[in-house]
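Each chain, written out:
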Amino acid sequence: KIMASTIQVDKIQDTGGNTILSSNSTGTFTYSAGTGMGKVLQVVQFVSTDGQESNTVQQPTWADTFLTASITPSAATSKILVSYVTQANCLADFPAFGVKRDSTVVADGTSWLGNITTLWANVSGQYLDSPSTTSSTTYTIVWNNYSSGKTSWNGWGSAGNGSTQTLTLMEIGA
């Protein structure tokens, strides 16, 4: 016989009365053992199997991909680790990918693909950001090309090729 059970708590403490894990009642948990430095405090992930195709965007202009997610840091001293994985096909030379925080590109060229004309390539990148805020912050993966041509992500047009692409944001306690 399968039984369904629910345990509801607003915090978990160790035997010394120190709060290890607490909840704000909205599904967000905060790990607070020790100083919290270097600990992952929260994770937000955007996952998609959709595709996207864009016309030429040449350097130094950056264009948004649809890989975007928002996170609200719990402390202004926290860092945000931005990680992404996708696939790209380019009908131009040297597509580059970067990271935009809200409206500012904070990391340009986190991935360079070289001359991959008409070849599919896995693309991944990471960037450790210090947003210095406790307000909701939106991260978007951006791209451009060295020369003219189209770039596609995860399939031609909006159909996609079924591969999973992700954008993961991790708040790291500082």
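Scoring rules and cut-offs
- Residues numbered from 1 in each chain as written.
- Predicted model: local features only at pLDDT ≥ 70, side-chain atom pairs only at ≥ 80, totals over all residues.
- Heavy atoms only, no water.
- Helix = DSSP H or I, 4+ residues; strand = E, 2+ residues; numbered from the N terminus.
- Buried < 20%, exposed > 50% of the residue type's maximum accessible area, 1.4 Å probe, protein only.
- Contact = heavy atoms within 4.5 Å.
- Areas by Shrake-Rupley, 256 points an atom, 1.4 Å probe, with all protein chains shown as cover.
- Salt bridge = Lys/Arg side-chain N within 4 Å of Asp/Glu carboxyl O.
- Core = buried A, V, L, I, M, F, W, Y, C linked by side-chain atoms within 4.5 Å.
- pLDDT = per-residue confidence, 0-100.
- Phe/Tyr/Trp six-rings, centres within 6.5 Å; stacked < 30°, edge-to-face > 60°.
- Patch = residues over 30% accessible without salt bridge, like charges linked within 9 Å, V, L, I, M, F, W, Y side chains within 5 Å.
- Pairing = 2+ DSSP bridges.

Caption draft 1: Region of interest: the overall build of the protein. Per the secondary structure count, the protein includes zero helices and 13 strands. Ordered by position from the N terminus, the helices and strands of the protein form the series β-β-β-β-β-β-β-β-β-β-β-β-β. In the protein, which comprises 174 residues, the share counted as buried stands at 37%. A separation of at least 24 residues holds for 76% of the contacts in the protein among residues at least 6 apart in sequence. Per element, the accessible surface of the protein, about 9400 Å² overall, is 51% carbon and sulfur.

Caption draft 2: Structural view of unusual backbone geometry. Of note, Asp102 is a non-glycine position whose phi angle comes to about 55 degrees, a positive value. Under the relative-accessibility criterion, Asp102 is labelled partly exposed at 41%. Unusually for a residue other than glycine, Ser132 sits at a positive phi of about 55 degrees.

Caption draft 3: Spatial organisation of the pattern of salt bridges. Inspection of the entire model under this criterion finds two salt bridges. Lys100 is the salt-bridge partner of Asp64, the closest N and O atoms lying 2.8 Å from each other. Of this pair, Asp64 sits in strand 6 (residues 63-71) while Lys100 sits in strand 8 (residues 96-101), and the two are 36 residues apart along the sequence. Of the residues examined, Lys100 reaches a relative accessible area of 14% and is grouped as buried.

Caption draft 4: Up close: the nonpolar core. Core analysis: the biggest nonpolar cluster contains 17 residues, and Val82, Ile141, Leu167 and Leu169 have the highest contact counts within it. Contributions of two or more residues to this core are made by strand 6, strand 7 (79-90), strand 8, strand 11 (137-144) and strand 13 (165-172).

Caption draft 5: Fine view of the environment of Asp10. Of note, Asp10 is situated in the segment before strand 1 (11-13). Remark: the alpha-carbon pair of Asp10 and Asn24, spanning 14 residues in sequence, is separated by 7.3 Å.

Caption draft 6: Quick look at the confidence of the model for the protein. Here the protein averages 77 in pLDDT, while 66% of its residues score no lower than 70. By mean pLDDT, strand 12 (residues 151-153) is the weakest element of the protein at 62, and strand 13 is the strongest at 92.

Caption draft 7: A look at the packing of aromatic side chains. By the definition in use, this model includes one aromatic pair. Ring centres of Phe46 and Phe66 lie 6.3 Å apart, and the angle between their planes is 75 degrees; on these two criteria the pair is classed as edge-to-face. Here Phe46, found in strand 4 (residues 40-48), pairs with Phe66, found in strand 6; they are 20 residues apart in sequence, far enough to count as distant. Relative accessible area serves as the criterion here: at 25%, Phe46 is assigned to the partly exposed category. Its relative accessible area of 22% is what places Phe66 among the partly exposed residues.

Caption draft 8: Just a nonpolar patch on the surface, in detail. Taken together, the side chains of Ile7, Val9 and Ile12 make up a nonpolar region of the molecular surface, amounting to roughly 310 Å² of accessible area. Inspection of the secondary structure assignment puts Val9 in the segment before strand 1. Judged by its relative accessible area of 48%, Val9 falls in the partly exposed class.

Caption draft 9: Expanded view of the pairing of strand 11. Where burial is concerned, most of strand 11 is hidden: seven out of the eight residues are buried. Where strand 6 lies against strand 11, six bridges are found, and the strand directions are antiparallel. Its bridge partner being in strand 11, Ile71 is matched across the sheet by Thr137.

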